[in-house]
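# Architecture at a glance
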Amino acid sequence: MASCSRIVGLVRRSSRLCNLTRTSITQFKGFRTTAIMSEEQIEELKKNPYYSKYADKIAKLQNTSPEEFLSRLSAHEDRKKAQESEANQKQRDFSFPGQAKKATDSASSKSLDKVVKLDLLKDKTPEEITEIWTKHFSQQEKICAVIPAETYKKMQQRFQEFNTFLFPIPRKNGYEFVMVQFQGNEAHFTTLINFQAHKENAPECLNMIHYTELMEEKGVVLMVGEYDKDTLDPREAKCLADQVEIYYSNPNESRRELMNNFSKNSAFFNHNDLIKEFNNIAI
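Presented here is an overview of the structure given in this document. (Residues numbered from 1 in each chain as written. Predicted model: local features only at pLDDT ≥ 70, side-chain atom pairs only at ≥ 80, totals over all residues. Heavy atoms only, no water.)

## Structural notes on the pattern of salt bridges
Under the criterion given, the structure shown has 13 salt bridges. One salt bridge connects Glu216 with Lys153, and the closest N-O pair in it is separated by 3.6 Å. Residue Glu216 is found in helix H7 (residues 215-218), and its partner Lys153 is found in helix H5 (residues 149-161); the two are separated by 63 residues along the sequence. Judged by its relative accessible area of 62%, Glu216 is exposed. Using a relative accessible area of 28% as the deciding quantity, one classes Lys153 as partly exposed. One salt bridge in this structure joins Glu161 and Arg256, with 2.9 Å as the shortest N-O distance. Here Glu161 is found in helix H5, whereas its partner Arg256 is found in helix H9 (residues 253-264), with 95 residues between them in sequence. A network of salt bridges, in which partner residues are shared, links Arg171, Glu176, Asp233, Arg235 and Glu236. (Salt bridge = Lys/Arg side-chain N within 4 Å of Asp/Glu carboxyl O. Helix = DSSP H or I, 4+ residues; strand = E, 2+ residues; numbered from the N terminus. Buried < 20%, exposed > 50% of the residue type's maximum accessible area, 1.4 Å probe, protein only.)

## Considering the nonpolar core
Residues Phe165, Phe189, Leu206 and Tyr248 are the most contacted members of the largest nonpolar core, which totals 45 residues. Among the elements that line this core, the one with the most residues is helix H8 (residues 234-249), at 8 residues. Dropping the residues within four chain positions of it, Tyr248 is found in contact with Lys154, Met155, Arg158, Phe159, Phe162, Thr164, Phe165, Phe167, Phe182 and Met259. With 12 residues, the next largest nonpolar core counts Leu112, Ile129, Leu222 and Val224 among its residues. (Core = buried A, V, L, I, M, F, W, Y, C linked by side-chain atoms within 4.5 Å. Contact = heavy atoms within 4.5 Å.)

Honestly, that's just the spatial picture; any functional story needs more than this.
Here is the structure:
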């Protein structure tokens, strides 16, 4: 992995404070807010898809039995908070440095016939190959893709030009950066904090191999990636693979500038620009 001295491994989001505005009595569309019930609560209730249908009944319940109304509203908010808490718990926090990997001799790239029987693919169309490939890994803890040959040829050129790069992934309290380095048809990923701790011996969190055996004959390149489940989940691994495709296949001007600055003009590179670009990408 190449050096990257100007970047920190973790970026935390600024905290957001949500203050409830409370009023004594405010009426609108049959609802009123009190010192117990805030305007924000009413606005949140109005977002419910059944609000317009049952607005009159809800307003009547608030007027005739405010305790029951607030009890129901409280239960609704508790369910919503529980759902948000569960979703938040599923999102990982920042990584800690792992153990350095042992230095080993570079192994030769794996061949496709070690993964699937090539005879099964000889008479298949690209669409059928895509179906076979994705089904083969559907029950495995791996990610996979089928890339058009022309797209991959463009990516190969940029793999050489921009051999090392950096991608953000969302974490519970911000973003974590992951470094990638391309070696031939392989992509090796490690968290930036692990690279800072172990340099070239940093443990990998994701390894992707692009098999090109069918590139000329069938017009497709088959990719499979294995990830470290202690560092990434399937969604995060796919997020990294998608960013590789977005940046290296046909980058727009801003992404091309980011890669160029990272590789050739480090004084102009800003990791916050990566986060801004990430937020502009629908992955």
